[in-house]
Amino acid sequence: MAVGARKRVVVVGLGMVGISFIEKLLKLDARTREYDITVVGEEKHVAYNRVGLTTFFEHRKVENLYLNPLEWYESIQDGALTWHINTKVTQISPSQKSITCSNGQEISYDILVLATGSDAALPLDLPNYDAEGVFVYRTVEDLERLIAYSAQQQGSVGAVVGGGLLGLEAAKALMDLERYSKVSVIERNGWLLSRQMDQTGGTMVVDQVRALGVDVLLRKNVAEIEVDEKRRVKGVKFREGDYLECSTLCFAIGVRPRDELARQAGIRCAERAGGIVVDDGLRTSHPDIYAIGECASWEGQLFGLIAPGVEMADVLAFNLTQAKLHQPRLYKQPDLSTKLKLLGVDVASFGDYFADVHGPKFLPAKAKRAASRASGANNSPSAPVKTLTYKDPFQNVYKKYIFTPDGKYLLGGMMVGDTKDYVKLVPMVKNQKELEIPPAELILGASKKDGDDGDDLDDDTQICSCHNVTKGDVVKVVKDGTCKSIGDIKTCTKAGTGCGGCVPLVTSIFNKAMKDMGNEVKNHLCPHFRYSRAELYHIIMVKRLQTLPEVMREAGVDPNSLGCEVCKPCLGSIFSSLWNRHVMDTHMHGLQDTNDRFLGNIQRNGTYSVVPRVPGGEITPDKLLAIAKVAKEYNLYTKITGGQRIDMFGARKQDLIDIWRKLVDAGMESGHAYAKALRTVKSCVGSTWCRYGVGDSVGLAVRLEERYKSIRAPHKIKGGVSGCVRECAEAQNKDFGLIATDKGFNIYVAGNGGAKPKHSELLAKDVPPTEVVPILDRYLMFYIRTADKLQRTARWLESLPGGINYLRSVILDDSLGINASLEAQMQELVDSYFDEWAEAIRTPAIAAQFRQFANTDEAVETVELEEDREQMRPAFWPRDGAAPATPPTTPPPSSESGAEVIIGGDDRNFATLTARWSTTEWEPLLPASHFAGADSLPNGISAAVKRGDTQLAIWRFKGKYYASQQMCPHKRAFVLADGLVGETVAPSDDSSSENDSGYSSRADSPTPSPALSTDDGRTTPDTDTITSSPLTSTKDTTPSSSPYISCPHHKRNFSLTSGACTSDPSSALSIATFPAEERLVPGPDKTPYVFVKLPPVAELDAALGTSRWRVRKGEAGVGQMEEMDSRLGGFAGRKEARGKKGVVRKVGRTGSVNGKEGDGKVEVVKVVKDGWAGGAVGAGCGMAPEW
């Protein structure tokens, strides 16, 4: 739906229910895009897990409680969600359909959803209820105030008024603060949890809570809060005449709905208990205004639990999006069952758990008729329910289950100590199904010790009450392949992201579903190995293997295979982690993938980024000037990175050596931004300048970055050092981070940002600076030895048995006895450091590889550049690349005679071009000496060549030549020659070993001599074809294999014989392939050349020419920023551009076209319109399905 036609949904309140509604509405509205959502939250935080507030005292990081990271909010595109935090709504104007905020902002709505929640109740008639030291337990701000106040109350008594669920959580919070000599719970009833437990169960909870050291005062009513002269709490007086001395008093006596906005707006509210009155569709008394969550009063009931609010969010989101196609949902009596762990005590209540006291609220129809008949026959009322109880004082277990008199139906119950059967019993109550077993078996069955995989649960069994997730929901996303880990399950279904109590069962169901599908979890590296990355690391280390063939012979499935795009980079990383050889050395280069291949991050247009190292973010003005000079000379786009260094984009491969030389001469070196290695150690300024600095964060960061630079690991590593607890360096979301304390540094490990952010965990406290390096040496080396391929430290730690406690035992206590070995191995790597850029500069064999084409020094640009915010960047990729359905960007080139060249058929189904050429001839393209030694290398040797306007790629791999187009059709990137060659091993048989297109080297299968083209265009019989060659290996007798090339950009794999896309057959992508072989050039020298069988130049250029497939400005469509800028009246960031309308100019350099030399400049298009200089943003890396 167009932007202007969308309805505006405004949500007041960004709590757990508010965000639940937003998530569901976004999901259900994703296709039709009928709504734009604006949410206004009063708190300064985005939605967080209020159920898990107690854990805040463990980490003191509100981000750990966020239900969605900030990146989630920022990632929602197209105006679907606008969010305001720290903003209070002060007025609703139903007649104008708008709300007013405290900052004066007015927001209009078509639909208003009130999710304002509730406030913690305070006894306002109690003397001194507002004294210093009186708190409530409701929000993060409440907890932060409590933490700050308690810091001055060492050794005093802390008290909680209220012995319910919230009261026990508050008591745990006071205990976790470790400031109070005693914590007391004051409860006016005779037992704890009186709203969930009967006297027997509540008394057992009292006993267990007291055993934990909490003072429980029962049947006590607070009469007065006593204060000192500064109105600080001294103690409390009870109506019963007792007195309790305390410094801190936390009230947890219930909540009151926040309905003041609705009352002011004339919206009907419940008079006695409060709350905004809603009907079964959650509508209020005003049209287009709804209320959900704790602020809503439905049938006179208020719900203080998360589950009923989430159900309201479900109903409303469904009705707003699906009611046109489906009967609207009605809100029904919610399930108030709860299962929690309070102060270490497992408690649960479910169904009608007080039916034996107050009588049943409902009966199944069959049970109701049976009870009526029994009452009439006996002329006396029969007992409405019967109970079955179990109490074990030795194990502190209590269960009471309530049944209909005939024992056929379970109505409700409660549990203390053992709650494993909770998830099975709740659906029995909700579904009102007649029991097939005697009631006693429900008690006896609960005590079984075996693991519970949920196999006996129905698919509609609710396993997560916080987010209403059923067993079937989990099983479905596993079986359809959506979720392959518990983390995926949490993201996809939200199960386990509320109170967390369902995680064990969710895990069991996930594991069972995976097993049922035959998905035995194996972490073999790839089909070429039956070992994990960690196992291969140790094999290579123990046997001191140095090359891919050695590893294949010792550990590979096929000892003659040369691997694939998965195992080659992993083995290359292992070799670097162990032996630290240059990644572009002869036997290492063929193992490097994408970025390591040319020591720079490859960009969208085939150019590279250059990132010199800036240790700790500290840099001198002279080095800044050197960077600026290089960037200006080579017209590089510059940007400050998140790791406190400068990134220069757009460096051509052929310019890299010269660029590096200038930077090295200025005293800089490689920053390894391209490697799975240490990237940066970020730092704040620390005690170097900051008046708050406790430690020298810059000095330590520089030393750590200098120590660990260039060391390869399973994945990239980032560090951070903060000079004080203000944490400006964000050390707690890094792979390793340090925060200065008065006694040294706290060391945090295994955190990361990115797609799955995770905060680091505390490894060691108050570590003296001299001990920091040994601990980090052990930690990093242990990670390098044991992690799986491409496994970040966060996921690695999660997979370690015992998690952080186990890691502490290994690293700090040397439980495995390997610390000396870990430190020695790290020191060996540190001592072997060399600058990869400097080595490339002074090694001719490496420097010679930095060319665009092997057969010419011409430079060809494959993506137009355009000016954006005063810098040059490549035009954005079109969404559909060069797939068969993609319209050509320019008409096919004409022949030299001026007539348009017609190829026929679908000229973008490149694999079929071979059958449609008008004629083909063998042409020499490159001396065979270029491929010398290829047969002994893991990736062979490749070359990009230019013929006319067409770019081709040639490989020699395992004794055979292969040729194809250079362009990957996925994004029209001319990069295939730089990809990794992989093999798909086929079963051995007695059939011919010729591959599926018949291409082979001359030594393997001689072919009839084709004709050679002479200089005058005539053809002559080829009488000089090579029949054997020193470059050609003997005939391969191993099982036949089909090689493929893996595009270095997005890992699309293409057969080098058929041209088909083997990694995504449904995509219709393909490449053109050509026969290639080694022959002698006619003449006296008879030089061996690689010949490729090609169509005429004009015909080939018409199909594959760079001019045709160059990515041009505007192909990506409307830019992501254009709509924003049009609404804002232009982009104010570049003032000098304002006022210029419709100016179009071309600047820069142009390359060769159709083989004709240009002026050596890149073609650049600058467009200035609508008041600013900008460009369209289309399908870039974010559109790629994998990276």
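Remember, predicted model here, so these are calculated numbers, not experimental data.

Trainee: Got a minute to help me understand the overall build of the chain in this structure?
Mentor: Check the secondary structure of the chain and you find 31 helices and 55 strands. When contacts within the chain are restricted to residue pairs at least 6 apart in sequence, those whose partners lie at least 24 apart make up 66%. Looking at the chain as shown, the accessible area adds up to about 51,900 Å², and 51% of this sits on carbon and sulfur atoms.

Trainee: Looking at this model, I keep getting lost on the side chain of Q966. Mind explaining?
Mentor: With respect to the secondary-structure elements, Q966 resides in the loop between strand 42 (960–965) and strand 43 (967–968). Taking relative accessible area as the criterion, Q966 reaches 3% and is therefore assigned buried. In this structure, Q966 is in contact with A944, Q951, L952, A953, A973, F974, V975, L976 and A977, ignoring residues within four places of it in sequence.

Trainee: Teacher, can you tell me more about the environment of V772 here?
Mentor: When you line up the elements, V772 lands in helix 23 (residues 769–786). On the accessibility criterion, V772 (0% relative accessible area) is buried. Sequence separation between V772 and I747 is 25 residues, and the spatial gap between their C-alpha atoms is 7.9 Å.

Trainee: Would you mind showing me how to read the pattern of salt bridges here?
Mentor: A side chain with one charge can pair with a side chain of the opposite charge if their charged atoms come near. In this structure the tally under the stated criterion is 62 salt bridges. Salt-bridge contacts for D119 lead to R258; the nearest nitrogen and oxygen are separated by 3.7 Å. Taken together, the residues D119 in strand 8 (residues 118–120) and R258 in the loop between strand 17 (255–257) and helix 7 (260–264) connect sequence positions 139 residues apart. Of the residues examined, R258 reaches a relative accessible area of 17% and is grouped as buried. For E311, the salt bridge identified is with R329, shortest N-O distance 2.9 Å.

Trainee: Would you mind going over the nonpolar core with me for this structure?
Mentor: Here is a general trend for soluble globular proteins: nonpolar side chains tend to be buried in one another's company. Counting residues in each nonpolar core, the largest one holds 125 residues, and the members touching the most others are F21, I22, I99, L114 and I292. With eight residues, helix 8 (residues 306–322) is the single largest residue contributor to this core. Among all residues touching I22, those that are not within four sequence positions of it are V11, L14, I37, V39, W72 and L81. Membership of the second largest hydrophobic core comes to 116 residues, among which are A631, A750, L797 and V860.

Trainee: It is not clear to me how the sheet that holds strand 6 (residues 106–108) should be interpreted in this structure. Could you clarify?
Mentor: Backbone hydrogen bonds are what pair the strands of a sheet, in a parallel or an antiparallel way. With antiparallel pairing, three strands are arranged side by side in an open sheet as 4-5-6. Here the strands that pair on one side only, and so sit at the sheet edges, are strand 4 (89–93) and strand 6. Within this sheet the neighbouring strands show an average axis-to-axis angle of 20°, counted without direction. One ladder, built from three bridges, connects strand 5 (residues 98–101) with strand 6; its direction is antiparallel. Opposite S98, over in strand 6, you have S108 as the bridge partner.

Trainee: I tried to follow the packing of helix 17 (residues 548–555) against helix 18 (residues 567–579) on my own but got confused; where do I start?
Mentor: A pair of packed helices can be characterised by two numbers: the angle between their axes and the separation between those axes. At their nearest, the axes of helix 17 and helix 18 sit 11 Å apart, and the two run at 105° to each other. In terms of orientation, helix 17 and helix 18 fall into the roughly perpendicular class. Along its contact with helix 17, which presents L548, V551 and M552, the element helix 18 presents C567, K568, L571 and F575. In terms of residue class, the contact of helix 17 with helix 18 is made up of six nonpolar, no polar and one charged.

Trainee: Looking at this model, I keep getting lost on helix 13 (residues 471–479). Mind explaining?
Mentor: For an α-helix, 3.6 residues make a turn, and residues three or four places apart therefore share a direction. Turning to helix 13, its buried residues number three or more, namely K471, G472, V474, V475, V477 and V478. G481 occupies a position one or two residues after helix 13 and carries a positive phi of about 85°.

Trainee: How should the confidence of the model for the chain be read in this particular structure?
Mentor: Detailed reading of predicted coordinates is not advised where the pLDDT is low. Confidence in the prediction for the chain averages 83 pLDDT; 84% of positions are at 70 or higher. Taken as a whole, residues 885–905 scores under 50 in pLDDT and shows 35 contacts with residues more than four places along the chain or in a different chain.

Trainee: Looking at this model, I keep getting lost on the environment of L704. Mind explaining?
Mentor: Positionally, L704 belongs in helix 22 (residues 697–708). Spatially, the C-alpha atom of L704 lies 9.3 Å from that of T680, the residues being 24 residues apart in sequence. The contact partners of L704, leaving out residues within four places of it in the chain, are L678, V681, V721, F736, L738, V773 and L776.

Trainee: I keep staring at the packing of helix 23 against helix 25 (residues 803–811) and nothing clicks. Help me out?
Mentor: The N-to-C vectors of helix 23 and helix 25 enclose an angle of 120°; their axes lie 10 Å apart at closest approach. Classified by the angle their axes make, helix 23 and helix 25 are oblique. Relative to helix 25, helix 23 is oriented so that their crossing is right-handed. Along its contact with helix 23, which presents I775, R778, Y779 and F782, the element helix 25 presents Y806, L807, V810 and I811.

Trainee: I keep staring at unusual backbone geometry and nothing clicks. Help me out?
Mentor: Note: most peptide bonds trans; most residues except glycine with negative phi. For R231, which is not glycine, the phi dihedral falls at a positive 60°. Positioned with a positive phi, K958 is a non-glycine residue whose angle comes to about 55°. Within the secondary structure layout, K958 lies in the loop between strand 41 (950–957) and strand 42.

Trainee: I tried to follow the sheet that holds strand 2 (residues 35–40) on my own but got confused; where do I start?
Mentor: A sheet is described by the order of its strands in space; here five strands give the open sequence 3-2-1-7-19, paired in parallel fashion. Looking at the sheet topology across the chains shown, the edges are occupied by strand 3 (81–84) and strand 19 (289–291). With strand direction ignored, the average angle separating the axes of adjacent strands in the sheet is 15°. Of the strand pairs in this sheet, strand 7 (residues 111–114) and strand 19 are connected by three bridges, and their pairing is parallel. Bridging from a neighbouring strand, L112 pairs with I289 of strand 19. Helix-sheet contacts for helix 1 (residues 16–28) involve strand 1 (7–12), strand 2, strand 3 and strand 7, and the interaxial angle to strand 2 is about 165°.

What counts, and at which threshold
- One numbering rule holds for all chains: residues counted from 1, following each sequence as written.
- With the structure being a predicted model, the display of local features is reserved for residues of pLDDT at least 70 and the display and counting of side-chain atom pairs for 80 or more, all residues being used for whole-chain, interface and lining totals.
- Working from all heavy atoms in the structure, the side-chain values ignore hydrogens and water.
- Each helix corresponds to a stretch of at least 4 residues labelled H or I by DSSP, and each strand to a stretch of at least 2 residues labelled E; elements are numbered beginning at the N terminus.
- When checking whether two residues touch, look at their non-hydrogen atoms; a contact exists if any pair is within 4.5 Å.
- Note on areas: Shrake-Rupley with a 1.4 Å probe; residue coverage comes only from the protein chains shown.
- For the exposure calls, accessible area comes from a 1.4 Å probe over protein chains only, and a residue counts as buried if that area is under 20% of its type's maximum, exposed if over 50%, partly exposed in between.
- Counted as salt bridges are all cases of a side-chain nitrogen of Lys or Arg within 4 Å of a carboxyl oxygen of Asp or Glu.
- Among buried residues, the Ala, Val, Leu, Ile, Met, Phe, Trp, Tyr and Cys ones that are joined through side-chain atoms within 4.5 Å form a nonpolar core.
- Pairing between two strands requires that DSSP report at least two bridges joining them.
- To obtain an axis, a line is fitted to C-alpha atoms, over the contacting stretch when the element is a helix, and the angle between two such axes runs from 0 to 180 degrees between their N-to-C directions.
- Roughly parallel here means an angle under 35 degrees, roughly antiparallel means over 145, roughly perpendicular means 65 to 115, and every remaining angle is called oblique.
- Amino acids are sorted into nonpolar (Ala, Val, Leu, Ile, Met, Phe, Trp, Tyr, Cys and Pro), charged (Asp, Glu, Lys and Arg) and polar (every other residue, Gly among them).
- Values of pLDDT, the confidence the predictor places in each residue, fall between 0 and 100.
- The crossing is said to be left-handed when, going from far helix to near helix, the turn is anticlockwise and less than a right angle, and right-handed when the turn is clockwise.

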